[in-house]
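Single-letter residue listing:
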Amino acid sequence: MAQEAQRKKLGKKEHAEKEGITEQLKTTDQMKWVQKMKNSDGSTGEHWSFDQTYQLMKQRNIDCEPAEFYAAMNMLWSDYGKVAEKFGADLILIETMTDSYETKAAVLAAKENCDLPVFVTCVYDESKKLMTGADPLAMVTMLEGLGVDAIGVNCSLGPKMLAPVVEKYLKYSSIPTILKPNAGLPKVIDGKTVYDIDPSEFAVEVENLVKKGVRICGGCCGTTPEHIAAIFDKKP
């Protein structure tokens, strides 16, 4: 129904162009996140940033200007805010973000289509940067400028390894900071993926950052109900 409404609103020609971009985005999204296909340059297993995805489209002779590509990404997310608000969601959580352009498109789509609070968490590696190179200060500046209600980090590393990034957020941000770390780094033991931080250690490390100013906390990959319960037990 949403697609049919867009056809009527945009007109057949414009809709066909945007629908074509959308279909390409679905394809490139699989390249970006599944990371299994062989790229045109022979490399494999790479993440794809906003710019890399756009350049790949150009290499494949997909006629699309950067502004159109950005608008198509925004359109992909625009209905989520409307539906979330309609059916009683408390807020919009945009998480596990690794690209500042993609993050901006998602935030604008949410802010333009609903009045719910918007929370954003990004993924930082051991270099203390996003996959595409942005540091915490850059993301704090951008997200506060966009009027986001709470910001922070999730996934990638355990709470102790994420602490330097979180401390940057606490230093520069004037809005609540979110922390949702992994239960450490994954390891494969006897064919099973396991994480190396148990609930007790996890809760202690999270508590240390809460004492420094984190206001919203939880867990990401490898965490269990026991990890969350351990954090709850540490509350003042």
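Just so you know, these numbers come straight off a predicted model, no measurement behind them.

## A look at the nonpolar core
By size, the foremost hydrophobic cluster in this structure holds 38 residues, and its most contacted members are Ile94 and Tyr169. For this core, the elements supplying multiple residues, two or more each, are strand 1 (92–97), helix 5 (100–113), strand 2 (118–122), helix 6 (136–145), strand 3 (150–154), helix 7 (159–172), helix 8 (199–212) and helix 9 (225–233). If we skip the residues at most four places from it in the chain, Tyr169 touches Cys122, Tyr124, Pro136, Met139, Val140, Ile151, Gly152, Val153 and Thr177.

## Regarding the packing of helix 8 against helix 9
With their axes 8 Å apart at the nearest point, helix 8 and helix 9 run at an angle of 45° to one another. Taken together, the axes of helix 8 and helix 9 are oblique relative to one another. The two elements helix 8 and helix 9 cross, and the hand of that crossing is right-handed. The segment helix 8 lies against helix 9, with Pro199, Phe202, Ala203 and Val206 engaging Glu226, His227, Ala230 and Ile231. Its residues placed into classes, the contact of helix 8 with helix 9 shows six nonpolar, one polar and one charged.

## Points about the packing of aromatic side chains
Within this structure, the stated rule accounts for one aromatic pair. When the ring of Tyr124 is compared with that of Tyr169, the centres are 6.0 Å apart and the planes differ by 80°; the resulting orientation is edge-to-face. Placement of the pair is Tyr124 in the loop between strand 2 and helix 6 and Tyr169 in helix 7, with a sequence separation of 45 residues. This pair shows no difference in class: Tyr124 is buried, exactly as Tyr169 is.

## Some points on the packing of helix 7 against helix 8
Between helix 7 and helix 8, whose axes approach to 10 Å, the crossing angle comes to 10°. On the basis of their axis angle, the class for helix 7 and helix 8 is roughly parallel. Residues Pro159, Lys160, Ala163, Val166, Glu167 and Leu170 of helix 7 lie in contact with helix 8, whose contacting residues are Phe202, Glu205, Val206, Leu209 and Lys212. Among the residues making up the contact of helix 7 with helix 8, the classes are represented as seven nonpolar, no polar and four charged.

## Structural notes on the sheet that holds strand 3
Spatial ordering of the open sheet is given by 1-2-3-4-7, a layout of five strands whose pairing is parallel. The strands lining the two open edges of the sheet, one partner per strand, are strand 1 and strand 7 (216–217). As paired elements, strand 4 (residues 177–180) and strand 7 share two bridges and run parallel to each other. Counterpart to Leu179 in the pairing with strand 7 is Cys217.

Here is what the cut-offs are and how they apply
Residues numbered from 1 in each chain as written. Predicted model: local features only at pLDDT ≥ 70, side-chain atom pairs only at ≥ 80, totals over all residues. Heavy atoms only, no water. Core = buried A, V, L, I, M, F, W, Y, C linked by side-chain atoms within 4.5 Å. Buried < 20%, exposed > 50% of the residue type's maximum accessible area, 1.4 Å probe, protein only. Helix = DSSP H or I, 4+ residues; strand = E, 2+ residues; numbered from the N terminus. Contact = heavy atoms within 4.5 Å. Axes fitted to C-alpha atoms, helices over the stretch in contact; angles between N-to-C directions. Parallel < 35°, antiparallel > 145°, perpendicular 65-115°, else oblique. Left-handed = near helix turned anticlockwise from the far one by under 90°. Nonpolar A, V, L, I, M, F, W, Y, C, P; charged D, E, K, R; others polar. Phe/Tyr/Trp six-rings, centres within 6.5 Å; stacked < 30°, edge-to-face > 60°. Pairing = 2+ DSSP bridges.

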